[in-house]
Amino acid sequence: MTAAHLPTTRRGLIGGFAGLAATSGAASAQSVPPPRRGGTMTIMFPSEPPVLVSLVSSNSLTVSAKVTEGLLWYDNDMVAHPQLAREWEVSPDGLTYVFKLREGVKWHDGRDFTSEDVAASLAILKQSHPRGRSTFAHLTRVETPDPHTVILKLGTPVPYLIRAFAAAETPIVPKHIYDGTDPFTNRNGYAPVGTGPFRFKEWVRGSHIIYERNPEYWDQPRPYLDQLVVKFIPDAAARSAALESGEVDLGYRTPVALNDVERLRTAGNLVFETKGYEYSNNVVSVNFNLDNPHFAKLPVRQAIAHALNMPVICRTIYYNTYTPCASPIAPFLTEYHDLSPSPYAFDIARAERLLDEAGYPRGANRIRLRTMMEANPTVDEIRRLCDFTRAALSRIGIAVEVRTADFGSYAKRVYTDRDFDLTASTMSNLFDPTVGVQRLYWSKNYIPGVPFSNATHYSNPRVDALLEGTAVEVDPVKRKAMFKEFQEIVMREIPDVNIGVPRWYTIHNRRALGHSVTADGIEGSFSHAYIAG
Amino acid sequence: MMGVLDRTGTILRRTAIQVLPTMVGIIILCFFLLQLVPGDVADVLAGESGSATAETMAALRARIGLDQPVLTQLVTYLTNLAQLDLGRSARFNLPVTQLIAERLPGTLLLMLSALSMALVFGVLFGWIMAVFAGRWPDRLLQVLVLVFYSTPGFWIGLMAIVLFSVKLGWLPSNGSMTVGVTLSGWDLIADRAKYLLLPSLAMASFFIAVYARLTRAAMLEVQGQDFMRTAAAKGLHPAVIQFRHALRNALIPVTTMVGLHLGNLLGGAVVVETVYGWPGMGRLALEAVLGRDFNLLLGVLLLSSLLVIVTNAAIDLLHGWLDPRIEAH
């Protein structure tokens, strides 16, 4: 196994290959201490999920997989490996999936894990999970011929389905606990029973969760840790302090203020890991409201794209922790990502000319156009990106007023009231463009009132046809060609200007290892994680 | 003796009469204010999950009752409240009373600890400054008090974290207890105290400054009073004069302010609880606002108002004890 699919820039990967060594057994492990049994690892997240299993909502991705497993797991190259499924087979037409399940696996309450549990979980996911509803929309029948075989029958092929069986994406929960109950209020959400490496011990809301070793885990000698503590630390400065003082072993998605990153590099006890983000790929973009008469005109959008200097944004706003990306498909999705640069390179003179020609001459105070930009408040840097946009666009005579509110107001303004001209957002590609990218460009997904649907109100019949085609195309070559054409069109028509993709760091203590060995990294099960002696 | 009981009775009776209309007023006012806030819990939950559909959102709204007319929602809430049912949190899917009960001890502990710290150090500093008025201990403490007065508590908190947690490693930077170990007896108390110290200081610093200045001014004023000279003429020990006569009289303005500050302390708790990751009601309230979890927010507001009313009644009682001339009206 190689790390060839990673982007070429790999600054800051200081001795962080523990993961690679653990999955591949490669000899590159000379500097990495071997796994050791015992100890407690303390990890932190900024916010606390409302429930602990991502069965009916996907906002508990951070912790779900520690207790609740999936059928498969994916390595850092997104290659599938068996978890609860021992082996699997997909029919050539892509309509039948046969999973042979691991035998002798027990739920944490002692009951046997069987194919009935898988069938029940899939039924709940298809019915109630916000993403499961679409992922499993074409799942017509689940057969359980014996306790250790599950057969999925689809009405239409779903080319990305094989990537959807990760623990946090498609969790397998115990049927005997969910039978006849409302999955939204089921007690398993608060005190989960799973098959995973860790058993749930306690949850003190607002403070922490404690998981303890499952001694009967099927993948012996794992898990290595005796105890896993999850803390919730809402303040970025406090997260820096917790890492520096060693109170917390690990935080993910660059858990500190970006201007604090360089200082922490010199702290000595901390390591910066870039692996473990292959399952969720974000793209930051500036989005137009195409219902706005000005932004409905392509030359105005082109002018704005010409006025935004992506490398400078990545260097200043994101302190070099982002890389420019003109495509809506993130580079981590290597087989689909289009490497070609934006047709609209940074060029102020050209932007001015486009606006002149489009009928926006400089008026009073040298202003051509006044607009309003809505900042998504969930990420600090988005606010700064909006400020940057305001400054950049003032150079070409577009006056931008930046508005900030909390997330509820933002969602209402942008997605329900559509009371915005411009906005900036960070959107996840997830594990496949059909799952994460289609929603933003597909005209049928323009659904006022639903957050993170097609916010720009972009509508292009050819793009719709391509997106609908890629959703069912099982031939990888044809699918790739369709995604390529899709990217060419949206990069040319720019309903949104893509800025860059994060190179997230998992910042961890030198002794906390083995956590970033899967595509879902810190959101994974931690069965391989250990504290070095 | 009878007078004391009468006064206590009057204060309690007055509180009991005031509490109900105050709380119902707060609830109705907040309920309508919250209607003005854009977005609802379905928007937030759907935004967090990132891939909701119109059907899941409609189902969520129906489950919570947001599809009902506003007045129906208010009447339902008040009817439930009359049966002492605070409803369910839409976000956590748990009874509001359970969520609040989990957080209440943490908040009370932090508030009491911060308040005691503010009172003890404030009064002590004020008294020292008054006794040494114009001399160097006074000057030195004045500078410290000025720093506490003019610096935001969260900044003092962060700097204290940098010094005591990151650099010196003496005190923990975050949380309310050592997680994952089982402690008992003195170890348990020492552990909790270690976590309590920095957040209490961050919360108390401003109030230490206020109480120190109040105490200093009041003490200096009292020093010139006739009864002080009388006490000295009687031949009382200077320490007795300072404690029994000067301090007791100087405390009245301080205790008045404490009553007023309780609301501020609850408000300031949000910031301190965030910086220190303290599991208290302040953060719960903030998360409830951001998550549009209005049942939970109304529950927190209701309880906070009750807390302020009750502590103000306690302050009234304390005033009566400190200075029997103050009557309950």
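Residues numbered from 1 in each chain as written. Chains lettered and ligands numbered in written order. Predicted model: local features only at pLDDT ≥ 70, side-chain atom pairs only at ≥ 80, totals over all residues. Heavy atoms only, no water.

Requested: an account of the overall build of chain A, with residues and values cited.
Across its full length, chain A holds 16 helices and 21 strands. Along the first, second and third principal axes, the C-alpha atoms of chain A reach 75 × 55 × 45 Å. Per-residue burial over chain A gives 62% buried out of 533 residues. Averaging the positions of the 57 positive and the 57 negative side-chain charges in chain A gives two centres separated by 4 Å. (Helix = DSSP H or I, 4+ residues; strand = E, 2+ residues; numbered from the N terminus. Buried < 20%, exposed > 50% of the residue type's maximum accessible area, 1.4 Å probe, protein only. Lys, Arg positive; Asp, Glu negative; His and termini not counted. Charge placed at Lys NZ, Arg CZ, Asp CG, Glu CD.)

Any details on helix α8 (residues 185-223) of chain B? Residues and values, ideally.
For α8(B), built from 39 residues, the straight-helix expectation of 57 Å at 1.5 Å per residue is missed by more than 12%, its first-to-last C-alpha distance being only 45 Å. Approximately 45 degrees is the largest bend angle found in α8(B), and it occurs at B:Ala204. (Expected span 1.5 Å × (residues − 1). Bend = angle between axes of the 7 residues up to and from the residue.)

Outline the state of the cysteines, supporting the account with residue identities and numerical values.
Residue and element names in this part refer to chain A. Scanning the model with the defined rule gives 0 disulfides over all chains in all. For the unlinked cysteine Cys325, the closest cysteine sulfur is that of Cys314, found at 9.2 Å. On the accessibility criterion, Cys325 (4% relative accessible area) is buried. (Disulfide = S-S within 2.5 Å.)

Could you give me a rundown of a nonpolar patch on the surface, with the residues and numbers involved?
Residues and elements named next belong to chain B. On the surface, a cluster of nonpolar side chains totalling about 430 Å² of accessible area is made up of Phe154, Trp155, Met159, Val162 and Val271. The dominant element in the nonpolar patch, judged by the number of residues it contributes, is helix α7 (residues 153-167), at 4 residues. Along the polypeptide, Trp155 turns up in helix α7. The partly exposed category is assigned to Trp155, whose relative accessible area is 43%. (Patch = residues over 30% accessible without salt bridge, like charges linked within 9 Å, V, L, I, M, F, W, Y side chains within 5 Å. Areas by Shrake-Rupley, 256 points an atom, 1.4 Å probe, with all protein chains shown as cover. Salt bridge = Lys/Arg side-chain N within 4 Å of Asp/Glu carboxyl O.)

Outline the packing of helix α11 (residues 281-290) of chain B against helix α12 (residues 294-322) of chain B, supporting the account with residue identities and numerical values.
Packed helix pairs are specified by the crossing angle of their axes together with the interaxial distance, meaning the distance between the axes. Residues and elements named next belong to chain B. Packing of α11 against α12 leaves a shortest axis separation of 8 Å and a crossing angle of 145 degrees. In the packing of α11 onto α12, the handedness of the crossing is left-handed. Taken together, the residues of α12 that come into contact with α11 (itself represented by Met281, Leu284, Ala285, Ala288 and Val289) are Leu296, Leu297, Val300, Leu303 and Ser304. Split into classes, the residues belonging to the contact of α11 with α12 amount to 9 nonpolar, 1 polar and no charged. (Axes fitted to C-alpha atoms, helices over the stretch in contact; angles between N-to-C directions. Left-handed = near helix turned anticlockwise from the far one by under 90°. Contact = heavy atoms within 4.5 Å. Nonpolar A, V, L, I, M, F, W, Y, C, P; charged D, E, K, R; others polar.)

Give a description of the environment of B:Val289 that names residues and reports values.
Considering the arrangement of structural elements, one finds B:Val289 in helix α11. Counting along the chain gives 218 residues from B:Val289 to B:Leu71, while the straight-line C-alpha distance between them is 21 Å.

Talk me through the packing of helix α2 (residues 41-49) of chain B against helix α3 (residues 54-64) of chain B; I want residue IDs and the actual numbers.
Residues and elements named next belong to chain B. In contact at an axis separation of 9 Å, α2 and α3 are set at 135 degrees when each is read in the N-to-C sense. What the angle tells us is that α2 and α3 run oblique. Crossing handedness for the pair α2 and α3: right-handed. Listed contacts from α3 to Val41, Ala42, Asp43, Leu45 and Ala46 of α2 are Met57, Leu60, Arg61 and Ile64. Considered class by class, the residues forming the contact of α2 with α3 number 7 nonpolar, no polar and 2 charged. (Parallel < 35°, antiparallel > 145°, perpendicular 65-115°, else oblique.)

Now, about the confidence of the model for chain A: what can you tell me, with residues and values included?
Any segment with low pLDDT has predicted coordinates that should not be analysed in fine detail. In this model, chain A carries an average pLDDT of 89, and 94% of its residues clear a pLDDT of 70 or more. Scored below 50 in pLDDT, residues 1-30 of chain A makes 46 contacts in the model with residues more than four places away or belonging to other chains. (pLDDT = per-residue confidence, 0-100.)

Could you give an account of the interface of chain B and chain A, naming the residues involved and the relevant values?
Where the parts come together, the accessible area they lose is often given as the size of the interface. In this complex, chain B contributes 46 residues to the contact, which on the side of chain A involves 43 residues. Summing the contributions of chain B and of chain A, the shared interface buries around 3,700 Å²; its carbon and sulfur component is 57%. The tally of links from chain B across to chain A stands at 4 salt bridges. For the salt bridge of B:Glu102 with A:Arg205, the shortest nitrogen-to-oxygen distance reads 2.8 Å. (Buried area = accessible area lost by both parts, 1.4 Å probe.)

Quick rundown of the packing of aromatic side chains? Include the residues and the values.
Overall, the coordinates contain 27 aromatic pairs over all chains when judged by the stated rule. Where A:Tyr217 meets A:Trp218, the ring centres are 5.0 Å apart and the plane angle is 45 degrees; that geometry is what we call tilted. Here the aromatic rings of B:Phe31 and B:Phe32 are separated by 5.8 Å at their centres, their planes lie at 85 degrees, and the arrangement is edge-to-face. Under the relative-accessibility criterion, B:Phe31 is labelled buried at 7%. Directly above the ring of A:Trp203 sits A:Arg205, whose terminal nitrogen or CZ lies 4.2 Å from the centroid. For B:Arg63, the ring lying beneath its charged end belongs to A:Phe184, and the centroid distance is 4.5 Å. (Phe/Tyr/Trp six-rings, centres within 6.5 Å; stacked < 30°, edge-to-face > 60°. Lys NZ or Arg CZ within 6 Å of the ring centre and 35° of its normal.)

Pulling in residues and values, what's your account of the pairing of strand β10 (residues 227-232) of chain A?
Residue and element names in this part refer to chain A. Within β10, 6 of the 6 residues are buried, which leaves the element mostly enclosed by the surrounding structure. Neither face of β10 is exposed, since Gln227, Val229 and Lys231 on one face and Leu228, Val230 and Phe232 on the opposite face are all buried. Taken together, the 6 bridges between strand β1 (residues 40-45) and β10 define a ladder with parallel strand orientation. Pairing of Thr42 across the sheet is with Val229, part of β10. Two elements, strand β9 (residues 208-213) and β10, share 5 bridges in a ladder whose sense is antiparallel. What sits directly across from Tyr211, in β10, is Leu228. (Pairing = 2+ DSSP bridges.)

Describe the environment of A:Leu84, and please don't skip the residues or the numbers.
All names here are of chain A. Inspection of the secondary structure assignment puts Leu84 in the loop between β3 (80-82) and β4 (85-90). A sequence separation of 29 residues divides Leu84 from Phe113, and the C-alpha atoms of the two residues are 9.2 Å apart. Beyond its immediate sequence surroundings of up to four residues, Leu84 is in contact with Glu69, Gly70, Leu71, Leu101, Arg102, Val105, Phe113, Ile172, Thr195 and Trp218.

A description of the side chain of A:Asn186 should follow, citing residues and the corresponding values.
Residue and element names in this part refer to chain A. Within the secondary structure layout, Asn186 lies in the loop between α5 (175-178) and β8 (198-204). A distance of 3.0 Å separates a polar atom in the side chain of Asn186 from the backbone oxygen of Ile177. Once residues lying within four places of it in the same chain are set aside, the contact partners of Asn186 are Ile177, Tyr178 and Thr181. (Polar contact = N/O pair within 3.5 Å; in protein donor to acceptor, adjacent residues only side chain to side chain.)

Explain the UniProt feature "domain: Solute-binding protein family" (unreviewed entry) in chain A to me, and be specific about the residues and the numbers.
Annotation from UniProt places "domain: Solute-binding protein family" (unreviewed entry) at residues 81-441 of chain A. Taken as a whole, residues 81-441 of chain A contains 27% helix and 23% strand, while its terminal C-alpha atoms sit 32 Å from one another. (UniProt positions renumbered as here; feature names shortened; annotations may be inferred.)

Explain the pairing of strand β13 (residues 282-288) of chain A to me, using residue names and the numbers behind them.
All names here are of chain A. For β13, the buried fraction is high: 7 of the 7 residues fall into the buried class. Burial along β13 is two-sided: Asn282, Val284, Val286 and Phe288 facing one way and Val283, Ser285 and Asn287 facing the other are all buried. Relative to strand β17 (residues 422-428), β13 runs antiparallel, the two sharing 7 bridges. Looking across to β17, one finds that Val283 is bridged to Met427. Note: β13 against strand β18 (residues 496-502), 4 bridges, orientation antiparallel. What sits directly across from Asn287, in β18, is Asp496.

Mind laying out the sheet that holds β8(A), listing which residues take part and the relevant values?
Taken together, 7 strands build an open sheet; the order of strands is β8-β9-β10-β1-β11-β19-β12 (chain A) and the sheet is mixed. Looking at strand neighbours, the two that pair on one side only are β8 and β12 (270-273) of chain A, the edges of this open sheet.

Provide a residue-level description of the pattern of salt bridges, including the pertinent values.
Tallying each qualifying case throughout the model produces 40 salt bridges over all chains. The closest approach of N and O atoms between A:Arg403 and A:Asp419, which form a salt bridge, is 3.2 Å. Of this pair, A:Arg403 sits in strand β16 (residues 398-404) while A:Asp419 is found in the loop between α12 (407-417) and β17, placing the two residues 16 residues apart along the sequence. A relative accessible area of 22% places A:Arg403 in the partly exposed class. In this structure, B:Asp191 and B:Arg192 form a salt bridge, with 3.2 Å as the shortest nitrogen-oxygen distance. Its relative accessible area of 6% is what places B:Asp191 among the buried residues. Look at B:Arg192 and you get partly exposed, because its relative accessible area is 29%.

Can you explain the environment of B:Ile26? Please cite residues and give values.
Residue and element names in this part refer to chain B. Mapped onto the secondary structure, Ile26 falls in helix α1 (residues 2-36). By relative accessible area, Ile26 is classed as partly exposed at 26%. Residues Ile26 and Leu112 lie 86 residues apart in sequence; the distance between their C-alpha atoms is 24 Å.

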